[in-house]
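What follows is each chain in one-letter form.
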Amino acid sequence: MKTTLVIMAAGIGSRFGGGIKQLAAVGPNGEIIMDYSIHDAIEAGFEKIVFIIRHDIEAAFRQAIGDRIEGICASLGVEIAYAFQELDALPEGVSLPKGRTKPWGTGQAVLACKDILDGPFAVINADDYYGKQAFVLLHDFLQNYDPAAPGALSMAGFVLKNTLSDNGAVTRGICRMNAEGFLTGVDETSGIEKTADGAAVAGKPVDADSLVSMNMWGLTPGFVAMLEQGFVEFFAGIAGKELKAEYLLPIFIDELLKAGKVSVKVLPTHDRWFGVTYQEDKAVVIESFAKLIEAGVYRKDLFSDLKQ
């Protein structure tokens, strides 16, 4: 089964203090976080990469990664495609609200590539490092995709203590699961801080070994049809909030879950997650990749270990 990796790279990155945080160099040869995700996805068996970007960052994106990755992927037999998240890409009959300047969120981002998805796919954030194990788990899950079960989804579950920042509080979706490892709900928890003992919110301890969602999903073509219908319903429910409301992938999946329309298998990974949320995180990420290279997880010449 051919599998695709969709990389959401259209985010504005407002907390990074200016610039395009997805394009911040963190590797020894100027690699960005996406380079490592693409490497790990190809190594795991993904055969197509789709970048979701905005037209206003296209030139910078192609210069930082797109043109280079296209050449690497061509030599490895991996397909590359682009999709553009447009502010005015709205359901039929819906007009762009006057004054709206921000795209409509991760749900709309995935819809931007609906015409170039031809099989099961994984979705990740561009500015997050997920580790190798999660890509293997998602790829193997998607390999068993059954068109007769369009609602059979999956999600990489990260250990909370492996996702915390040294530079400030974070928000995490803490997973609730049944005995079979299927998601039953997500408790969105803000203000989680790293502590000497693990994690806490406003001084109250939180189970640091809980599994959390980091927006890394395994999805199906049938889910895209649900997402498209959900976008129509989203606009029916945002009266008075048109300038700020967002159509978010995890919230929509949670709604489908509660309605019994999908199942979400949680795939636990013990790799450390890290990302560039705050400007101060960049130095930590650079150091983390240096340690991974020193440990032999990656080569300095990143893609040299991949052969067609």
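Residues numbered from 1 in each chain as written. Predicted model: local features only at pLDDT ≥ 70, side-chain atom pairs only at ≥ 80, totals over all residues. Heavy atoms only, no water.

(A) Structural context of the side chain of Thr220. With respect to the helices and strands, the residue Thr220 is situated in the loop between β11 (211-219) and α5 (221-236). The exposure class assigned to Thr220 is buried, which follows from its relative accessible area of 2%. The contacts of Thr220, once residues within four sequence positions are left out, are Phe121, Tyr145, Pro150, Ala152 and Leu153. (Helix = DSSP H or I, 4+ residues; strand = E, 2+ residues; numbered from the N terminus. Buried < 20%, exposed > 50% of the residue type's maximum accessible area, 1.4 Å probe, protein only. Contact = heavy atoms within 4.5 Å.)

(B) Structural context of the packing of helix α1 (residues 33-44) against helix α4 (residues 132-143). Orientation of α1 relative to α4, taken along the N-to-C sense of each, is 40°, at an axis distance of 9 Å. One element, α1, and the other, α4, form an angle in the oblique class. The element α1 and its partner α4 pack so that their crossing is right-handed. On α4, the residues touching Ser37, His39, Asp40, Ala41, Glu43 and Ala44 of α1 are Lys132, Phe135, Val136 and His139. Its residues assigned to classes, the contact of α1 with α4 shows four nonpolar, three polar and three charged. (Axes fitted to C-alpha atoms, helices over the stretch in contact; angles between N-to-C directions. Parallel < 35°, antiparallel > 145°, perpendicular 65-115°, else oblique. Left-handed = near helix turned anticlockwise from the far one by under 90°. Nonpolar A, V, L, I, M, F, W, Y, C, P; charged D, E, K, R; others polar.)

(C) Structural detail: the packing of aromatic side chains. On inspection of all chains with the given rule, the structure shows 20 aromatic pairs. Look at Trp104 and Phe235: their rings are 4.9 Å apart centre to centre, the planes differ by 65°, and that puts the pair in the edge-to-face class. One end of the pair, Trp104, is in the loop between β3 (79-84) and α3 (106-111); the other, Phe235, is in helix α5, and 131 residues separate them in sequence. Its relative accessible area of 0% is what places Trp104 among the buried residues. Arranged with centres 5.1 Å apart and planes meeting at 80°, the rings of Phe234 and Phe235 form a pair that is edge-to-face. Phe235 gets classed as buried once you look at its relative accessible area, which sits at 16%. Joined through ring pairs, the aromatic side chains of Trp104, Phe223, Phe231, Phe234, Phe235, Tyr247 and Phe252 make up one cluster. (Phe/Tyr/Trp six-rings, centres within 6.5 Å; stacked < 30°, edge-to-face > 60°.)

(D) Quick look at the pairing of strand β1 (residues 4-8). Taking burial as the measure, the five residues of β1 include five buried ones, the bulk of the element. Here β1 shows two buried faces, one formed by Thr4, Val6 and Met8 and the other by Leu5 and Ile7. With five bridges joining them, β1 and strand β2 (residues 48-53) adopt parallel strand pairing. In the sheet register, Leu5 faces β2, and the bridge partner there is Ile49. When β1 meets strand β4 (residues 121-125), the two strands line up parallel, connected through five bridges. The partner of Ile7 across the bridge, within β4, is Ile124. (Pairing = 2+ DSSP bridges.)

(E) Representation of the nonpolar core within the structure. One finds Met34, Ile38 and Phe51 to be the most contacted residues of the largest nonpolar core, which totals 59 residues. By residue number, the principal contributor to this core is α1, which donates seven residues. When sequence neighbours within four positions are dropped, the list of residues in contact with Phe51 reads Ile7, Met34, Ile38, Phe61, Ile69, Ile80, Ala81, Tyr82 and Ala83. (Core = buried A, V, L, I, M, F, W, Y, C linked by side-chain atoms within 4.5 Å.)

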